[in-house]
Amino acid sequence: MQVDEGAAGSGPRERILAATAKLLAEGGREAVSTRAVGTAAGVQAPTIYRLFGDKQGLLDAVAAEGFATYLSTKSTPEPDTDPVDDLRAGWDEHLQFGLANPALYMLMCEPRPGAMPPAAAAGIEILAARVHRIAEAGRLRVGEERAVQLVHAAGSGTTIALIAMPEAARDLELSVMAREAVIAAITTDAPAPSAPGPVGAAVALRAVLPQTTALTEPERGLMREWLDRIAAAPR
């Protein structure tokens with residue numbers, strides 16, 4: 001098996017990544033070995049180890065490269081876009097990416113006790129930015145960190161479950177139901193000033209705290225601690 005012509009004229013790192021991505025897409029993780037990658041990319045195994053450290057390093061690089069390519073096709077939401085609708089769109093795009101690139105997606109979401117694959121960490125940063133916009137709008141009913149964790153867990157789990165189903169039997173309505181259940185759990189219908197309770201107010205104030213100039217940095221740190229404790233309190 002050979003890499004495509006577009007990658008053939010590139011340097012060894014690019015050829016190795018292209019060869020690995022192709023092997024992964026065609027045969028899954030089991031098809032990726034240093035020997036197969038070396039043959040497809042026209043390099044020796046020591047070159048792979050020198051550039052990526054080991055096979056896991058190579059797989060992490062392929063996942064990060066694939067995710068970066070996906071991100072390059074996405075447009076930045078307009079400032080006046082409803083932040084909750086923006087989260088919905090992000091969920092749907094996430095699902096579409098996973099279903100279109102199942103082997104790569106499973107590699108990105110591979111469980112690691114106490115750690116997270118680099119590509120998944122990059123995705124979390126994007127999700128956190130979307131959730132932060134909801135908090136700034138006063139429409140988040142739980143702390144930002146908890147909201148990010150819940151959306152990540154539910155979105156990844158739903159995508160993996162649908163990948164595991166035969167394509168003809170996939171019920172995409174499951175994703176819609178999961179998405180709306182999560183959104184209902186973490187957001188309010190109206191900005192926090194119209195909704196009673198200290199948790200929503202604490203979450204909204206925590207989101208815009210960096211914008212205040214009335215407090216010193218130590219005072220802001222203390223305020224962050226207080227607001228985080230209020231936001232995490234049981235309802």
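Predicted model, so just to flag it, every value in this text is computed and none were measured.

Engineer: An account of the packing of helix α2 (residues 12-27) against helix α4 (residues 45-52) is needed here, citing residue identities and associated values.
Structural biologist: What describes two packed helices is the angle between their axes and the distance between those same axes. Two elements in contact, α2 and α4, have axes whose closest approach is 11 Å; the angle formed by their N-to-C orientations is 100 degrees. Here α2 is positioned roughly perpendicular relative to α4, judged by the angle of their axes. For the pair α2 and α4, the contacting residues are Pro12, Arg13, Ile16 and Leu17 in the first and Thr47, Ile48, Leu51 and Phe52 in the second. Of the residues that constitute the contact of α2 with α4, the class distribution is 6 nonpolar, 1 polar and 1 charged.

Engineer: Account for the pattern of salt bridges, with residues named and values stated.
Structural biologist: Taken as a whole and assessed by the stated rule, the structure comprises 10 salt bridges. The shortest N-O distance in the salt bridge between Glu180 and Arg88 comes to 2.8 Å. With Glu180 in helix α10 (residues 173-186) and Arg88 in helix α6 (residues 83-100), the pair connects residues that are 92 residues apart, well separated along the chain. The class for Arg88 is partly exposed, based on a relative accessible area of 23%. Two residues, Arg224 and Glu217, come together in a salt bridge whose shortest N-O distance is 3.1 Å. Judged by relative accessible area, Glu217 falls into the partly exposed class, the value being 42%. Taken together, the shared-partner salt bridges connect Asp85, Arg88, Asp92, Arg179 and Glu180 into one network.

Engineer: Outline the side chain of Arg139, listing residues and values.
Structural biologist: Tracing the chain through its elements places Arg139 in the loop between α8 (118-136) and α9 (144-164). A polar contact of 3.1 Å, which involves the side chain of Arg139, links it to the side chain of Asp82.

Engineer: Outline the packing of aromatic side chains, listing residues and values.
Structural biologist: Tallying each qualifying case throughout the model produces 3 aromatic pairs. On the numbers, 6.1 Å between centres and 70 degrees between planes, the contact of Phe67 with Phe97 is edge-to-face. Taken together, the positions of Phe67 in helix α5 (residues 55-72) and Phe97 in helix α6 put the pair 30 residues apart, joining distant regions of the chain. You'll find Phe67 and Phe97 in the same group, each marked buried. Three or more aromatic residues link up through ring pairs in this structure, and these residues are Phe67, Tyr70 and Phe97.

Engineer: Lay out the packing of α6 against α10 in plain terms, naming residues and giving numbers.
Structural biologist: Contact pair α6 / α10: the axes reach a minimum separation of 11 Å and the direction vectors enclose 145 degrees. Note on packing geometry: the crossing formed by α6 with α10 is right-handed. Where α6 abuts α10, its residues Val84, Leu87, Arg88, Trp91, Asp92 and Leu95 lie against Ser175, Ala178, Arg179, Glu180, Val182, Ile183 and Ile186. Of the residues belonging to the contact of α6 with α10, the class tally is 8 nonpolar, 1 polar and 4 charged.

Engineer: Go over α4, please, and point to the residues and values.
Structural biologist: Along α4, the positions that sit buried rather than exposed are Thr47, Ile48 and Phe52. Projected down its long axis, α4 shows its buried positions confined to an angular sector of 100 degrees, all on one face. Of the residues in α4, the exposed ones pointing more than 90 degrees away from the buried face are Pro46 and Arg50. Those residues of α4 that are buried are in contact with α2, α3 (34-41) and α5. Taken from the residues just after α4, Gly53 is the one with a positive phi, measuring 85 degrees.

The rules behind these values
Residues numbered from 1 in each chain as written. Predicted model: local features only at pLDDT ≥ 70, side-chain atom pairs only at ≥ 80, totals over all residues. Heavy atoms only, no water. Axes fitted to C-alpha atoms, helices over the stretch in contact; angles between N-to-C directions. Helix = DSSP H or I, 4+ residues; strand = E, 2+ residues; numbered from the N terminus. Parallel < 35°, antiparallel > 145°, perpendicular 65-115°, else oblique. Contact = heavy atoms within 4.5 Å. Nonpolar A, V, L, I, M, F, W, Y, C, P; charged D, E, K, R; others polar. Salt bridge = Lys/Arg side-chain N within 4 Å of Asp/Glu carboxyl O. Buried < 20%, exposed > 50% of the residue type's maximum accessible area, 1.4 Å probe, protein only. Polar contact = N/O pair within 3.5 Å; in protein donor to acceptor, adjacent residues only side chain to side chain. Phe/Tyr/Trp six-rings, centres within 6.5 Å; stacked < 30°, edge-to-face > 60°. Left-handed = near helix turned anticlockwise from the far one by under 90°. Arc of directions from axis to C-beta.

Everything listed is a geometric property; what it means functionally is a separate question.
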